[in-house]
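# Working through the structure, step by step
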Amino acid sequence: MIVVTAPTGTIGRQVLPHLLDRGAPIRVIARDPARLPVHIREHVEVVTGSHSDIDVVTQAFADADAVFWLLPPVHRGASLDAAVLGFTRPACEAFKGQGVERVVGVSSIGRGSAVVGNAGLVTASLAMDDLIASTGVNYRALTMPSFMDNLLRQVDAIKNQGMFFAPLSPDLKRPTCATRDIAAVAAELLLDDSWDGYDSVPVLGPEDLSNNDMAQIMSEVLGRPIRFRQVSGAAYKATMLESGMSEAMAQGMYDMLEAKENGLDNAEPRTPRATTPTTFRQWCEEVLAPAVHV
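Residues numbered from 1 in each chain as written. Predicted model: local features only at pLDDT ≥ 70, side-chain atom pairs only at ≥ 80, totals over all residues. Heavy atoms only, no water.

## Some remarks on the overall build of the chain
Operational definition: Put simply, DSSP H or I for four residues or longer makes a helix, DSSP E for two residues or longer makes a strand, and each gets a number counted from the N terminus. Put simply, the radius of gyration uses C-alpha atoms, and a globule should come to 2.2 Å times the residue count raised to 0.38. Any residue under 20% of the maximum accessible area for its type is buried, any over 50% is exposed, and the rest in between are partly exposed; the area is computed with a 1.4 Å probe on protein chains only. Should any heavy atoms of two residues lie within 4.5 Å, those residues are considered in contact. Only the protein chains shown count as cover for residues, and the accessible areas themselves come from Shrake-Rupley with a 1.4 Å probe. A residue counts as positive if it is Lys or Arg and as negative if it is Asp or Glu; His and the chain ends are not included. Working definition for charges: the position is that of NZ of Lys, CZ of Arg, CG of Asp or CD of Glu.
Counting its secondary structure elements, the chain contains 11 helices and 12 strands. Since a compact globule built from 294 residues should have a radius of gyration of about 19 Å, the 19 Å found for the chain is in line with a globular shape. Within the chain, the proportion of its 294 residues that are buried is 50%. Of the contacts made within the chain by residues no fewer than 6 positions apart, 77% connect residues no fewer than 24 positions apart. Only carbon and sulfur atoms are counted for the fraction: they give 50% of the accessible area of the chain, which is about 12,800 Å². Looking at charge distribution, the chain has the averaged site of its 25 positive side-chain charges lying 5 Å from that of its 35 negative ones.

Shown next as structure tokens:
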């Protein structure tokens, strides 16, 4: 039995088809099961609720061999500790109490970096990894840089202004990965019962690109000029606050992006194991272009 948390999110919904194709028995935790596609819902067991709820995770993890662990986006958290570690603590109790053997979790790149101690959401994610590992469960932390798919949040600006924005230098080359590749790596680990212990599994995509590199590729794929504009960290944080994000979470985002500007994403050595296949050009052709042309 494999339990999938956040099954309607960007990564979780891409993990499920891999598992179903291999015939694995699957249980999901979903706040709103109606958001699951019908063809998925018919083939999984559903536990309704939040995976921050001890009763929900205790029920969901019963007789589970493996769990896919993913925090949902939190915009109104009072603190990073509450949003990340507080959310995870009930699951850690249930990992131990229900005898879960293996957990695969979505985390962040940067462990060992000189700037990781003040990297906001990344620092909290790495603390989450240590918390999960402290339970004694066999654990693999998928450690990622920024996602290509995050650009979908700026589809309107790309479509209507021919621009995208971030508080990062235009020429800073760094890894970026597609969520489809994260899902594929997660599924393989969930289906493999041969590993044990605690380790990280970097998912770095196939290449390091700057924002200017991305703008050039986007221009070629979309057939129109796309430019990148750097904004200040303070302006970016102000935008997040205006959108309804709490001060603590906006500051966590700000600190993470500052750390990325100072080399956080480049701390992980690129190896064949860490290199995943989807190029940024392929992602633009298959994901971004259809979204822009809707």
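There is more to say, and it comes next.
## As for the pattern of salt bridges
Note that side chains of opposite charge can pair when their charged atoms are close. Convention followed: Whenever a carboxyl oxygen of Asp or Glu lies within 4 Å of a side-chain nitrogen of Lys or Arg, that contact is scored as a salt bridge.
Taken as a whole, this structure holds 11 salt bridges when the rule is applied. The salt bridge partner of Asp130 is Arg111, with a shortest N-O separation of 3.2 Å. With Asp130 in helix α5 (residues 121-133) and Arg111 in the loop between β5 (102-108) and α5, this residue pair connects regions lying 19 residues apart in the sequence. One salt-bridge network, held together by shared partners, links Arg174, Lys260 and Asp265.

## Structural notes on unusual backbone geometry
Backbone geometry at Ala6 places phi at a positive 50°, although glycine is not the residue there. With respect to the helices, strands and loops of the structure, Ala6 is situated in the loop between β1 (2-5) and α1 (12-21). Given the relative accessible area of 16%, Ala6 is considered buried. Although it is not a glycine, Asp63 sits at a positive phi angle of roughly 65°. In this fold, Asp63 is placed in the loop between α3 (54-60) and β4 (66-69).

## Focus on the sheet that holds strand β10 (residues 198-202)
Put simply, the rule is: When DSSP locates at least two bridges between a pair of strands, those strands are taken to pair. The convention used is that axes are lines fitted to C-alpha atoms, helices contributing only their stretch in contact, and that angles between N-to-C directions extend from 0 to 180 degrees.
The strand order β3-β2-β1-β4-β5-β6-β10 describes an open sheet built from seven strands, whose pairing is parallel. With one partner strand each, in any of the chains shown, β3 (45-48) and β10 form the two edges of the open sheet. In this sheet, neighbouring strand axes are inclined to one another by 20° on average, regardless of whether the strands run parallel or antiparallel. Both strand β6 (residues 138-144) and β10 contribute to a ladder of five bridges, which runs parallel. Residue pairing across strands places Tyr139 opposite Tyr198, the latter belonging to β10. The strands touched by helix α7 (residues 179-191) are β1, β4, β5, β6 and β10; relative to β6, the strand with the most contacts, the crossing angle is about 170°.

## A few points about α1
The test is simple: Throughout, the arc means that of the directions going from the helix axis to the C-beta atoms.
Among all positions in α1, only Gly12, Val15, Leu16 and Leu19 are buried. In a view along the axis of α1, the buried residues occupy a sector of 105°, so they form one face of it. Within two residues after α1, Gly23 carries a phi angle of roughly 75°, on the positive side.

## Focus: the side chain of Arg27
Heads up, the condition is: Identification of polar contacts relies on pairs of N or O atoms within 3.5 Å, with a donor-acceptor requirement for protein atoms, meaning one able to donate a hydrogen and the other able to accept it, and with residues adjacent in sequence counted only if both atoms are side-chain atoms.
By secondary structure assignment, the location of Arg27 is in strand β2 (residues 26-30). Of the polar contacts made by the side chain of Arg27, one reaches the side chain of Glu45; its length is 3.0 Å. Of the polar contacts made by the side chain of Arg27, one reaches the backbone oxygen of Ala60; its length is 2.5 Å. When near neighbours in sequence (up to four residues on either side) are disregarded, Arg27 contacts Met1, Ile2, Val3, Val4, Glu45, Val47, Gln59, Ala60, Phe61 and Ala62.

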